[in-house]
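# Remarks on the overall topology
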Amino acid sequence: MTKNNPNILLIYTGGTIGMIKDPETGALRAFDFDNLLVRIPELKLLDCNIETISFEEPIDSSNMAPKYWVEIAEIIEDNYDAFDGFVILHGSDTMSYTASILSFMLEHLAKPVIFTGSQLPIGDLRTDAKENLITSIQVASLQHYNKPVIKEVCLYFEYKLYRANRTTKINAEHFEAFASLNYPDLAESGVHLKVNNEYLFKPNPRKSLIVHKELDSNIALIKLFPGISEALLVSIFNTPNLKGVVMETYGAGNCTTESWFVSLLKDTISKGIHIVNVTQCSGGSVMMGQYETSEKLKRIGVISGKDITSEAAISKLMYLLGQNISANLFKTIYETSLRGEMA
Ligand code: ASP
């Protein structure tokens, strides 16, 4: 590695970005990632040293699971001191989930961890992969007085850098596949790379990285709809070992005032199962108590997810349930912004 240039570790987990079309069958398959620098000669022009590491068996991100999140966290942990920044290539389908949970797992992160991917494979003539990859590496390499500019987990896609735990995949076809509706973009790539410094996460410089690997996935995600039945909810809330539920409600956190619904939630909470209220709207915040239809939720101890995304809400629940937090502190900690994931 050259001394003065930033050292970037490129981690390939799978996804369309690293696939090539098999000339015979036409099917997409992962290519040997060690050849990345050969396939993308532009990478040699960047002012940084790049090393690559790949999942032994790259996956389509629809197969993503907690064991892979731990694997990514361990790769970062093992290489944290040797590298100035990390770029993670990941399928776009579940990228917001992985990027969100990594933001919780990497406490006191003081270096950039940039997730990116693409809608078209890197070998495709019209690919969006090259721009996403090259700019992600440039973002991870940004330094000010030899210190990284970005000190958090981000997601870069189609000319925009977002705080990872604020993103959602919004489009299955457009190159602009992600949005961060409740938090401003951290940077925009045009003729210049414009970083919006005022929105960057500022970790405590005196703390060292802690990597949390205990995740508890005994949780559920429920989206309310008019007519949802008591039987369905009873069966979900009686799932063995269930410890927490993210409930997507209407608008600013509203739900039916029918008595069976509120008493079912009350009984569930009294059994020690945490219920988090998030809005099923793409943007905006839960404000329990604003309407009669959410006031009761507040009274029975439902946790407010405020303006968190469902992806980050689920991640935060798995992370906090893995932390053995006492029952009476859980709600307060959940309602506190830990990594800039909520207002
Ligand atoms: N199915 C792919 C994945 O998420 C899509 C992509 O890479 O964008 O792995």
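This text follows the structure it describes.
Here's a quick rundown of the structure. None of the values given here were measured: they were computed from a predicted structure. (Residues numbered from 1 in each chain as written. Predicted model: local features only at pLDDT ≥ 70, side-chain atom pairs only at ≥ 80, totals over all residues. Heavy atoms only, no water.)

## What to know about the overall build of the protein
The criterion, for reference: Secondary structure elements follow DSSP: runs of H or I of four or more residues count as helices, runs of E of two or more count as strands, with numbering from the N terminus. Buried, partly exposed and exposed residues are distinguished by accessible area as a fraction of the type maximum, computed with a 1.4 Å probe on protein chains only: under 20%, between the cut-offs, and over 50%, respectively. Contacts are assigned to residue pairs that have any heavy atoms within 4.5 Å of one another. Residue burial considers only the protein chains on display, and all accessible areas are found by Shrake-Rupley using a 1.4 Å probe. In summary, the charge assignment counts Lys and Arg as positive and Asp and Glu as negative, without counting His or the chain termini. Charge positions are represented by NZ for Lys, CZ for Arg, CG for Asp and CD for Glu.
The secondary structure content of the protein amounts to nine helices and 20 strands. Looking at the protein residue by residue over its 343 residues, the buried ones come to 52%. Counted over contacts in the protein with a minimum sequence separation of 6, partners at least 24 positions apart contribute 72%. When the accessible surface of the protein is summed, it comes to about 16,000 Å², and 50% of that surface belongs to carbon and sulfur atoms. Looking at charge distribution, the protein has the averaged site of its 31 positive side-chain charges lying 7 Å from that of its 40 negative ones.

## Let's talk about the site of the ligand
To keep things clear, this is the line we draw: Near, as used in this document, describes a residue that has one of its heavy atoms within 4 Å of the molecule or strand being considered. Distance and chemistry together define a polar contact, namely a pair of N or O atoms within 3.5 Å, with one atom able to donate a hydrogen and the other to accept it when in protein, and with adjacent residues in sequence counting only for side-chain atoms on both sides.
Taken together, Gly15, Thr16, Asp60, Ser61, Gly91, Ser92, Asp93 and Ser118 make up all the residues around the ligand. Thr16 has a polar backbone atom sitting 2.8 Å from an oxygen atom of the ligand. A distance of 3.3 Å separates an oxygen atom of the ligand from a polar atom in the backbone of Ser118. Contact with the protein chains covers 89% of the free accessible surface of the ligand, which is 260 Å².

## With respect to the sheet that holds strand E5 (residues 85-89)
Cut-off, in case you're wondering: When DSSP locates at least two bridges between a pair of strands, those strands are taken to pair. Here the axes come from fitting lines to C-alpha atoms, over the contacting stretch only for helices, and the angles between their N-to-C directions go from 0 to 180 degrees.
The sheet built from eight strands is open, its strands ordered E4-E1-E5-E7-E10-E11-E14-E15 with mixed pairing. Of all the strands in the sheet, the pair left with one neighbour each is strand E4 (49-59) and strand E15 (193-195). Within this sheet the neighbouring strands show an average axis-to-axis angle of 20 degrees, counted without direction. Where strand E10 (residues 153-157) and strand E11 (residues 160-163) come together, four bridges link them in antiparallel fashion. Residue Phe157 lies in a different strand from E11, and its bridge partner there is Lys160. Those strands touched by helix H3 (residues 95-105) are strand E7 (113-116) and E10, and its axis lies near 155 degrees from that of E10.

## Topic: the packing of aromatic side chains
The criterion, for reference: Under the pairing criterion, centres of Phe, Tyr and Trp rings, with the six-membered ring standing for Trp, must be within 6.5 Å; the plane angle then separates stacked pairs below 30 degrees from edge-to-face pairs above 60, leaving the rest tilted. Our definition puts a charge over a ring when NZ of Lys or CZ of Arg is within 6 Å of the ring centre and also within 35 degrees of the ring normal.
Per the stated rule, a full pass over the model turns up eight aromatic pairs. An angle of 25 degrees between the planes, with centres 5.6 Å apart, marks the rings of Phe55 and Tyr68 as stacked. Of this pair, Phe55 sits in strand E4 while Tyr68 is found in helix H2 (residues 66-79), placing the two residues 13 residues apart along the sequence. Considered together, Phe55 and Tyr68 belong to a single accessibility category, that of buried residues. Plain terms: the ring middles of Tyr80 and Phe86 are 6.4 Å apart, the flat faces sit at 0 degrees to each other, and that makes the pair stacked. In this structure Tyr80 comes out as buried when scored by relative accessible area, which is 11%. Of the residues examined, Phe86 reaches a relative accessible area of 0% and is grouped as buried. Here the aromatic cluster, defined as three or more aromatic residues joined through ring pairs, consists of Tyr80, Phe83 and Phe86. The positively charged end of Lys111 is found above the aromatic ring belonging to Tyr80, 4.8 Å away from the centroid. The ring of Tyr334 carries the charged tip of Lys316 above its face, separated from the ring centre by 4.9 Å.

## Comments concerning the sheet that holds strand E20 (residues 303-304)
Whenever strands of a sheet pair, they do so through backbone hydrogen bonds, lying parallel or antiparallel. Strand order in this open sheet of four strands is E17-E18-E19-E20, and the pairing throughout is parallel. Two strands close off the open sheet at either side, each with one partner strand: strand E17 (219-223) and E20. Across the face of the sheet, helix H8 (residues 310-321) comes into contact with E17, strand E18 (244-249) and strand E19 (274-279) while running at roughly 165 degrees to E18.

## Here's the deal with the pairing of E7
The side-chain alternation of E7 yields two buried faces, one formed by Val113 and Phe115 and the other by Ile114 and Thr116. One ladder, built from four bridges, connects E5 with E7; its direction is parallel. Looking at the pairing, Val87 lines up with Ile114 of E7.

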